[in-house]
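The primary structure of each chain is shown beneath.
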Amino acid sequence: PDLSGLRAPFAYIPPMPALSAPSSAVALGAAPSAAGLGQLRASRQLALGSDIRGGVSSSLGDEAAAGIGICTAATSVLAGTAAVWAAKRALRQHRLARSSKKQVGRAAGAASAVAVAPKVAVGPGYDREAWLAAFKNVEEEECYTVACADLPKDLRGTYFRNSPSKFEIGTDKIMHPFDADGMVCAASFDGEGHMHFRNRFVRTPGFCEELVAGKMIYRNQFSCKPGGWAANAFDFRIKNLANTNVLSWGGRLLALWEGGKPFELDPTTLATVGENNLAGALKDGDQFTAHPRIDAAKQRLCGFQYQPNPVADETKLTFWEFGSKGFDLENKVVQTVPGFGFFHDFVVTPNYFVLSYAPTGLSFSALGWVVAGTKAMGQAIEFDKTKPARMLLIPRDGSAMTTIEVDTHFCFHFANGFEEGGRVVVDMVQAEDLELGNSFASDEPLWRSADFSKVPRSTLWRYELAPDGQWSRRQLSESPLEFPGIPPRLSGQRHRYAYCAAMGSKESVGPAQGLLCVDADDAAGASLWMPEPHQFLGEPIFVPRALGVGAEAPVREDDGYVVGILFDGRAGRSEVLVFDAAKVAAGPISRVPLRSQLPHGLHGCWSPGPVPSEAALQEAWSKSPLDLSAGR
C-alpha cells in the first residue's frame with residue numbers, strides 16, 4: 001500500500017445495503033479521562049535551537065466532545081445475494097456491450113507492442129526498522145514557526161497533507177494502516193524565511209466517540225475490532241476516517257475519505273467544522289472521492305462516487321462538476337456499469353471522465369466470514385487475472401460511454417489525462433495484480449508482517465484511447481513508483497513531467513523513499529533523488545512560483561518547486577523538504593525540521609496566496625475551539 005510502501009491508499013468498500021438504519025444520539029462527556037484519551041500525553045515543548053520560536057500546543061483532552069449518531073446496519077439482505085450475483089454473471093458481458101458504444105478485445109484492439117523506458121538507477125534498499133518507526137500515534141497537536149533562511153522568497157502559500165495517524169485507541173491496536181483516523185497538517189510559507197506549522201486530528205463523530213471510550217467501537221474496512229467473532233458478528237457500523245486526502249477549493253478546506261462525505265476544517269487552525277455536503281450536491285447516502293480533479297482550463301472541480309449494488313449486479317457512477325468560486329453545481333453525470341466496480345482515482349479531460357475498471361468482484365464465501373465477524377469487507381474483493389481491465393470513457397455531456405478492453409491491471413493512481421489528435425491520453429500507475437494486505441494473517445499489525453516480495457510492482461504507463469475502441473500503450477518508466485503528480489495548471493491538458501514517489505530498490509518493491517521526475521517526452525531525461533535508507537519521502541506536490549504583480553506566467557513546465565515531508569526513522573523526526581522542480585537530482589534546496597515525527601502520509605494539496613502572520617496564527621490557534629460544528 002501507499003503508506004510509504006504498502007501498495008495503495010485506502011479505497012472504500014461500501015457496506016451491504018441495509019433494510020433500515022435507525023440512529024441514536026449518544027451524549028458524550030465533556031471531560032474524558034486519561035485512559036479515555038488513549039493515553040495521549042501532554043504537549044511537549046521541544047526545542048531545535050533558535051530556529052523554532054514560541055508555539056502553542058493543545059492536548060486532545062481539551063475538546064468537549066459532540067453528540068454522535070450511530071447507524072445500525074441491517075444484515076438480512078445478505079441472504080440470497082450470492083445466488084443472485086452468480087446467476088447474473090453470465091449476462092455481464094452482454095450488459096457491458098449494451099451500455100457502451102464500443103468494446104474491443106485486447107488482441108484486436110491494440111498495437112500493444114511497448115517501448116519500454118530504461119530504468120533509473122536507484123538505491124540499494126531501505127532500513128525496515130526505520131520504516132516501521134513511523135507507525136506510532138501522533139499524540140500532540142501543535143502550532144509553531146520555524147525560521148529557515150534558505151526558503152525561496154517566491155514560495156508563498158500553504159501545503160496541506162492528510163495521513164492515517166492513530167494506530168492505537170486505548171490498548172486496542174489498529175491492524176491495517178488504512179483504518180487509522182486521519183490527521184491534517186499544514187505548512188505555510190510566508191516568502192520571508194518562515195514556515196508556520198500546525199497539525200490536528202479530524203474530529204469526526206467516530207473519532208470523538210472512540211476517544212472518549214478509550215477503545216475501538218467500530219469495525220473497519222480492512223480489519224476488525226478486538227474480541228473476535230463475538231465482538232464483530234453482524235456489526236456493520238463504520239466510521240468516517242477522513243484520512244486520505246485534503247482539498248482546498250473556494251475558500252474551504254476539506255478532509256476526504258471516499259467512504260463518506262468530506263469534513264470541513266478551518267484553513268487557519270485546522271479545527272473541525274463538521275461534515276460538508278458540498279452545498280447540497282451530496283444527498284443522503286452519497287460519498288465523495290478522495291481524489292478530486294481540477295479542469296484547469298475551465299477552472300472546475302470534478303469529483304465522483306461509485307456505489308456497487310450486489311443484488312442488481314451493477315455499480316452506479318456519479319460525477320459532479322463545481323464552479324471556480326465554491327460548490328455551485330455546474331454539471332452532474334450518472335452512469336451504470338455491470339458488475340462490482342472498485343475505483344479509487346480518475347482523470348478529467350476536456351470531454352471525458354476516465355476510469356480504469358479492473359477485473360474485480362466479490363467473493364461470497366468470504367462475505368459469509370465477514371458477516372460472521374472473522375474477516376473484513378476488504379478481504380471479500382477478488383481480482384481475476386484471467387480477465388482484461390477496461391477503460392471507461394464517460395462523456396461529460398452525459399451521452400453514452402465507451403468501454404475499451406485493455407491488458408489486465410489494477411490502477412490506484414493517475415498522473416493526468418488530456419486529449420490530442422482525436423484520442424484520449426492518460427498516464428497511470430498500474431500493477432499486474434491487486435494487493436490490499438491481509439490484516440488477519442498475524443496477531444501483529446499488517447505493517448509488522450508486511451512482505452514486500454508479494455506486493456505487485458507499480459510503474460507508470462501512458463495509454464492512448466480512441467472513441468472507436470482502438471488503444472495503445474507505452475511504459476514511461478520501469479522504476480517502481482507511486483503518487484504521480486503534475487503542475488496543477490496543466491491538469492486536463494498535455495503535460496511532460498510527472499513527479500513521483502520512488503521506491504528505494506530497483507530490484508524489488510519497497511516503501512516509497514525518494515523523488516523521481518519522469519519525462520514523458522524523453523525517457524532518458526528522468527531525474528532521481530534518493531535519501532538515506534532510513535529516510536522516507538512521501539507524496540511530492542508540485543508548487544508554482546508565486547508571481548508578483550504584473551509578472552508573466554512561467555514558460556517552462558518545470559518552473560516551480562516540489563514539496564514533501566520526509567520521515568527519518570533513526571532520528572525519530574520529520575522534515576519538510578523543498579526541491580527546485582527543474583533540478584530534482586540535485587536534492588532539496590531547503591530542509592525545514594519539525595519538532596517531532598509524523599507518520600507516513602497519503603495525499604495533500606497546495607493552496608497559493610498570502611498566509612497569516614505568526615502572531616495572528618498563534619492567536620487564532622489559542623482561541624479556536626477544537627470542534628466548530630456547534631457554531632455553524
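In what follows, the structure referred to is the one given above.
Heads up: these notes are all about the structure in this document. Residue numbers restart at each chain and count upward from 1, following the sequence in its written direction. Two thresholds apply to this predicted model, a pLDDT of at least 70 for residue-level local features and 80 or more for giving and counting side-chain atom pairs, whereas whole-chain, interface and lining totals are computed over all residues. Hydrogen atoms and water are omitted, and side-chain values are computed over all heavy atoms in the structure.

**Some details on the sheet that holds strand β29 (residues 481-485)**
Link 1 in the chain: A pair of strands is labelled paired if DSSP reports no fewer than 2 bridges between them. Each helix corresponds to a stretch of at least 4 residues labelled H or I by DSSP, and each strand to a stretch of at least 2 residues labelled E; elements are numbered beginning at the N terminus. The sheet built from four strands is open, its strands ordered β29-β30-β31-β32 with antiparallel pairing. A single partner strand is all that each edge strand has here, and the edge strands are β29 and β32 (527-529). Strand after strand, the sheet turns through a mean of 25° between neighbouring axes, direction not considered.
Link 2 in the chain: Direction of pairing for strand β30 (residues 497-503) relative to strand β31 (residues 512-519): antiparallel, over a ladder of seven bridges. All axes here are fitted lines through C-alpha atoms, helices being fitted over the stretch that makes contact, and every angle between N-to-C directions spans 0 to 180 degrees.

**Examining the pairing of strand β28 (residues 471-477)**
Link 1 in the chain: With six of seven residues buried, β28 lies mostly within the body of the structure.
Link 2 in the chain: For strand β27 (residues 459-465) and β28, the ladder comprises six bridges, and the chain directions are antiparallel. Pairing of tryptophan 461 across the sheet is with glutamine 475, part of β28.
Link 3 in the chain: Taken together, β27 and the strand that follows it, β28, pair antiparallel across an intervening segment of five residues, in which glycine 469 is found at a positive phi of about 100°. Accessibility here uses a 1.4 Å probe with only protein chains present; expressed as a share of the type maximum, an area under 20% marks a residue as buried, one over 50% as exposed, and anything in between as partly exposed.

**Topic: unusual backbone geometry**
Link 1 in the chain: Within the chain, leucine 270 stands out as a residue other than glycine whose phi angle is a positive 65°.
Link 2 in the chain: Within the chain, leucine 278 stands out as a residue other than glycine whose phi angle is a positive 55°.
Link 3 in the chain: Position of leucine 278 among the secondary structure elements: in the loop between β14 (272-275) and β15 (293-295).

**Focus: helix α7 (residues 364-372)**
Link 1 in the chain: Within α7, the full set of buried residues consists of Ala366, Leu367, Val370 and Val371. Taken end-on, α7 shows its buried residues confined to a sector of 150°, consistent with a single buried face.
Link 2 in the chain: Only heavy atoms matter for contacts: two residues are in contact if any of them lie within 4.5 Å across the pair. On the buried face of α7, the contacting elements are β21 (360-362).
Link 3 in the chain: Of the residues trailing α7, glycine 373 is marked for its positive phi of about 85°. Taken from the helix axis, the directions to the C-beta atoms give the arc we talk about.

**Brief notes about the packing of aromatic side chains**
Any pair of aromatic rings gets described here by the distance separating the centres and the angle formed by the planes.
Link 1 in the chain: Working definition: rings of Phe, Tyr and Trp (its six-membered ring) pair if their centres are within 6.5 Å, and the pair is stacked with planes under 30 degrees apart, edge-to-face with planes over 60 apart, and tilted otherwise. In the structure shown here, the tally under the stated rule is 26 aromatic pairs.
Link 2 in the chain: Plain terms: the ring middles of phenylalanine 135 and phenylalanine 167 are 5.6 Å apart, the flat faces sit at 70° to each other, and that makes the pair edge-to-face. Within this pair, whereas phenylalanine 135 is found in the loop between α4 (128-132) and β5 (141-147), its partner phenylalanine 167 is found in the loop between β6 (156-166) and β7 (168-169), the two being separated by 32 residues in sequence. Per residue, the accessibility class of phenylalanine 135 equals that of phenylalanine 167, and both read buried.

**Describing the sheet that holds strand β19 (residues 347-348)**
Link 1 in the chain: What the four strands build is an open sheet, ordered β19-β20-β23-β24; its pairing is antiparallel. Each of the sheet's edge strands pairs with one partner strand only, and the pair in question is β19 and β24 (402-406).
Link 2 in the chain: As paired elements, strand β23 (residues 389-395) and β24 share five bridges and run antiparallel to each other. In the sheet register, methionine 391 faces β24, and the bridge partner there is isoleucine 404.

**Focus: helix α5 (residues 205-213)**
Link 1 in the chain: What α5 keeps buried is the set Gly206, Phe207, Cys208, Glu209, Glu210 and Leu211.
Link 2 in the chain: Looking one or two residues beyond α5, the residue adopting positive phi is glycine 214, at roughly 70°.

**Comments concerning the nonpolar core**
Link 1 in the chain: If you look at the biggest cluster of nonpolar residues, it comprises 35 residues, and the most contacted ones within it are Leu317, Phe319, Leu355 and Ile394.
Link 2 in the chain: When residues of this core are traced back to their parent elements, those giving at least two are β16 (300-309), β17 (314-322), β18 (329-338), β20 (352-357), α7, β22 (381-383), β23 and β25 (410-420).
Link 3 in the chain: Looking at this core element by element, the count peaks at four residues for α7.
Link 4 in the chain: Not counting residues up to four positions away in its chain, the partners in contact with isoleucine 394 are Leu317, Phe319, Val333, Gln335, Asn351, Tyr352, Phe353, Leu355 and Met401.
Link 5 in the chain: Only buried residues count toward a nonpolar core. Its members are Ala, Val, Leu, Ile, Met, Phe, Trp, Tyr and Cys residues joined through side-chain atoms within 4.5 Å. In terms of nonpolar packing, the next biggest core, distinct from the first, is built from 28 residues, Val138, Cys185, Val592 and Trp606 among them.

**Quick notes on the environment of glutamate 141**
Link 1 in the chain: Position of glutamate 141 relative to the elements: it lies in strand β5.
Link 2 in the chain: Glutamate 141 sits in the buried class, given a relative accessible area of 0%.
Link 3 in the chain: Considering only alpha carbons, one finds glutamate 141 and arginine 198, 57 residues apart in sequence, at a separation of 7.1 Å.
Link 4 in the chain: A polar contact of 2.8 Å, which involves the side chain of glutamate 141, links it to the backbone nitrogen of phenylalanine 201.
Link 5 in the chain: Side-chain atoms alone can form a polar contact between residues adjacent in sequence; in general such a contact is a pair of N or O atoms within 3.5 Å, and within protein one must be able to donate a hydrogen while the other accepts it. At 2.6 Å, the side chain of glutamate 141 and the side chain of arginine 203 are in polar contact.

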